[in-house]
Amino acid sequence: MKRCSSPDHPHCTVWVAPGEAQCAHGHRQPSGAVDVLGSSFEMLKRVRAEGPARMPAAIHAPPPRPHLHVSGFDPRAAGGRQAIKLELRGMPDDAPAQLTLLLESKLLPMGAGQLQFARTLRGDWRPVFVEFSSRGREHGQYRVDLEIHARHPARTWVATLVLLVPRPDASLGEIHQTYLSTHKNVRISADDAAIARVQGLAGGGAMDIDIHARNASIAQLNLDGSGGGKVAVGLPTIAWDEDLIEIDLPAERAAHPCPASTGCLVYAEPDAGAQRHVRLFALDECVLGRCDTVGAEADLLLEHHGAQGPERDGLTRRLSARHAVIRPARGGFEIEDVSRYGLLLDGTWPGKHAPVPLRLGMRIELTASIRGVVTFVVTALHAHALTLHRVDAGGASECFVLLAPGVVPEPAALGSGALPRAAGMPVLFHRDGGFWHLDPASGQETPIGPATVLDRLARFTGRVRFAASPRPEDHAEHTGDRRRTYARLVDAYAGRA
């Protein structure tokens, strides 16, 4: 069967049996005519030969953008307490079930805060509330910097809110005019039995305002008033969406092979004028104090050195258990007297609990009442390190290098900031929880540990080793005491036998 193919009647659709000269309507069929559409049997054969029908490609909607929905902000509450609601929306599906929110703003107590976002069983996120007070604050706009941190894998999103603290005598129109001028595409929401109103004159200008009313709330919009004038907006609370920007975190460094915050460089045969022990400290606050055999309270332990060496008694008792504190500050280091006996800086007592910046060449004397107990000189001062050399009888025994944790030395600053006594010492710094050596010529960084061959590194001379303890000689002394005690016990047992 085929359809009518008469050229004079192209719209005829009557079926014609094979071999017939005309269709049922009398239209003459041309010889050798071929049905363009083909018979139904031929059409089914073609469809089956083409295989299963191809489904159209799925249309993937763009992923939702991560953002914070901020609501409940009332700029009229000048001088009072407020609580704004933060809702996390549009987060990726692979985000951890718990995220840490860090906030920083002058409006917050102590200038910062920390909250936790937790994902519910429904897949959304439990909102958090940020409380603050504008009492005593200067009117104007205040930034609130936010960071959202995820672990495993490590990801970070950031955003910045701008909150308005108006003048106490500001009108509602002035408040919202100022606020809306700095926030484009503002959404106005009425949540939890609140009322949102927009009243004014139609034609007063383009207004990009989205108004929502939920949970028994009321939203009123009236822009066809009869009176003239500009549009006035009066709302109890304001809500808006703040986009979250994901930042690219730097790749994590490899762990240090020998994590330590204190250590010591032990020279087996120190050169003339050098020290046998270079004690290393990388602490946020390094406490200087008396070296006690049991229960020492300081980090950097000190003893008075006499003609015969260190003296645990005598003038050492004039040092307090916590005598002074040295900490990194303002691109350098500072010292604070916290002792009973005081200290002298270039011959002057600075006063108790009064931090004083250290200077290159400054002389530090412990104590203020008796001279010569312990005396230092600042021989090197950089942003990453402070070097103290003893200028008393203990000068040949030890010196001290205090490092600022996480601060890498600047090559341009290494050529200055050191007295001749410290200019040739190795360049050390502390990072990733351990000590590092820096070659000033090549810039190569080498982690330092007990297995490091130090005499191959720049500025190391003679036989030297690293110990992950600031006073390795104390451990050796205690080990020797135990061995001698054990030997006496063995001898006594042998004598009885």
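Residue positions within a chain follow its written sequence, with the count starting from 1. Thresholds applied to this predicted model are a pLDDT of at least 70 for local features of residues and 80 or more for the giving and counting of side-chain atom pairs; totals over whole chains, interfaces and linings are not thresholded and use all residues. To get the side-chain values, all heavy atoms of the structure are used, and hydrogens and water are removed first.

(A) Representation of unusual backbone geometry within the structure. In this chain, Leu366 is followed by Thr367 through a cis amide linkage whose omega measures 20 degrees. Helix and strand labels come from DSSP, where a helix needs a run of H or I of at least four residues and a strand needs a run of E of at least two; each type is numbered from the N terminus. Mapped onto the elements, Thr367 comes out in the loop between strand 27 (363–366) and strand 28 (374–381). Although it is not a glycine, Met110 sits at a positive phi angle of roughly 65 degrees. Counting through the fold element by element, Met110 comes out in the loop between strand 5 (98–104) and strand 6 (112–118). For Asp432, which is not a glycine, the phi torsion comes out positive at approximately 55 degrees.

(B) Representation of the pattern of salt bridges within the structure. Salt bridges, as used here, are contacts in which a Lys or Arg side-chain nitrogen is within 4 Å of a carboxyl oxygen on Asp or Glu. As enumerated under the stated definition, the model contains 26 salt bridges in all. We note a salt bridge from Arg155 to Asp94, for which the minimum N-O separation is 3.2 Å. Taken together, the positions of Arg155 in strand 9 (residues 155–165) and Asp94 in the loop between strand 4 (81–89) and strand 5 put the pair 61 residues apart, joining distant regions of the chain. For the salt bridge of Arg431 with Glu445, the shortest nitrogen-to-oxygen distance reads 2.9 Å. One end of the pair, Arg431, is in strand 31 (residues 427–431); the other, Glu445, is in strand 33 (residues 445–447), and 14 residues separate them in sequence. Classification of Arg431 as buried rests on a relative accessible area of 10%. Think of it in three bands: with a 1.4 Å probe and only protein chains considered, a residue is buried below 20% of the maximum accessible area for its type, exposed above 50%, and partly exposed in between. For Glu445, a relative accessible area of 32% translates into the label partly exposed. Salt bridges sharing common partners tie together Arg279, Glu303, Arg312, Arg390, Asp392, Glu398, Arg471, Glu473 and Asp474.

(C) Here's a closer look at the pairing of strand 17 (residues 262–267). Where burial is concerned, most of strand 17 is hidden: 6 out of the 6 residues are buried. Across the two faces of strand 17 the burial is the same, with Thr262, Cys264 and Val266 and Gly263, Leu265 and Tyr267 all buried. Bridge count between strand 17 and strand 34 (residues 464–467): 4 bridges; the pairing is antiparallel. Opposite Tyr267, over in strand 34, you have Val464 as the bridge partner. By the convention used here, strands pair only if DSSP detects at least 2 bridges between them.

(D) Summary view of the sheet that holds strand 27. Strand order in this open sheet of 8 strands is 25-27-28-29-30-18-17-34, and the pairing throughout is mixed. Taken across any chain shown, the strands that pair with only one partner, and hence form the sheet edges, are strand 25 (344–345) and strand 34. Relative to strand 30 (residues 398–403), strand 18 (residues 277–281) is paired through 5 bridges, and the arrangement is parallel. The residue of strand 30 that forms the bridge with His277 is Glu398.

(E) Structural context of the nonpolar core. Formed by 31 residues in total, the largest nonpolar core has its most connected members in Leu86, Leu88 and Phe117. Among the secondary structure elements, those contributing two or more residues to this core are strand 3 (67–73), strand 4, strand 5, strand 7 (128–133), strand 8 (140–150), strand 9 and strand 15 (238–243). In contact with Leu88, not counting residues within four places along its chain, are His67, Leu68, Leu99, Phe117, Trp125, Ile148 and Leu244. Only buried residues count toward a nonpolar core. Its members are Ala, Val, Leu, Ile, Met, Phe, Trp, Tyr and Cys residues joined through side-chain atoms within 4.5 Å. Among the nonpolar cores identified, the runner-up in size contains 27 residues, and Phe333, Leu358, Val373 and Leu402 belong to it. Note on definitions: a residue-residue contact is assigned when non-hydrogen atoms from the two residues lie within 4.5 Å.

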